[in-house]
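# Reading the structure
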Amino acid sequence: MKQRGTLTPGALILIPVLLLAGCGISGPADVSGLRGIVGTELAGVRGATQADQRRIDRTVVGLCAAAVWTRSECAKHGERGHD
């Protein structure tokens, strides 16, 4: 019975330490799926020209198709009538 009493405090310390250590060593997730949805259209875009606006629109279409934004948020994008 004495041995069980000495192991319990050690286990109560060791288990949370191992759990926290396991959470801290995972590497970054692969973002290729998100990159495929969003694309790379926005790289270098300033929004000053019609070509820039088309690139922004293509990015928004990808985000809306992936349901990242709600339907009402996607509908707001086209409200300005900038075509």
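Residues numbered from 1 in each chain as written. Predicted model: local features only at pLDDT ≥ 70, side-chain atom pairs only at ≥ 80, totals over all residues. Heavy atoms only, no water.

### Describing the overall build of the chain
Looking only at helices and strands, the chain features 4 helices and 0 strands. When the helices and strands of the chain are placed in sequence order, the string is α-α-α-α. Going through the 83 residues of the chain one by one, you find that 11% of them count as buried. Summing over all exposed atoms, the chain offers an accessible surface of approximately 7000 Å²; the carbon and sulfur share of this is 62%. (Helix = DSSP H or I, 4+ residues; strand = E, 2+ residues; numbered from the N terminus. Buried < 20%, exposed > 50% of the residue type's maximum accessible area, 1.4 Å probe, protein only. Areas by Shrake-Rupley, 256 points an atom, 1.4 Å probe, with all protein chains shown as cover.)

### Re unusual backbone geometry
With a phi close to 60 degrees, Ala67 is a non-glycine residue in the positive phi region. As for its position among the elements, Ala67 is in the loop between helix H3 (50-65) and helix H4 (71-77). By relative accessible area, Ala67 is classed as exposed at 59%.

### A short note on the side chain of Asp52
Here Asp52 is to be found in helix H3. Buried within the structure, Asp52 lacks any salt-bridge partner; its nearest side chain of opposite charge belongs to Arg55, at an N-O separation of 4.1 Å. A polar contact is formed between the side chain of Asp52 and the backbone nitrogen of Gly47, at a distance of 3.2 Å. Contacts of Asp52, omitting those with residues within four sequence positions, involve Val45, Arg46 and Gly47. (Lys, Arg positive; Asp, Glu negative; His and termini not counted. Salt bridge = Lys/Arg side-chain N within 4 Å of Asp/Glu carboxyl O. Polar contact = N/O pair within 3.5 Å; in protein donor to acceptor, adjacent residues only side chain to side chain. Contact = heavy atoms within 4.5 Å.)

### Section: the state of the cysteines
Each disulfide consists of a covalent bond between the sulfur atoms of two cysteine residues. Tallied over the entire structure, the rule returns 1 disulfide. Between Cys64 and Cys74 runs a disulfide, and the two sulfur atoms are separated by 1.9 Å. Judged by the torsion about the S-S bond (-115 degrees), the Cys64/Cys74 disulfide is left-handed. Taken together, the residues Cys64 in helix H3 and Cys74 in helix H4 connect sequence positions 10 residues apart. When its relative accessible area of 24% is taken as the criterion, Cys64 is described as partly exposed. (Disulfide = S-S within 2.5 Å.)

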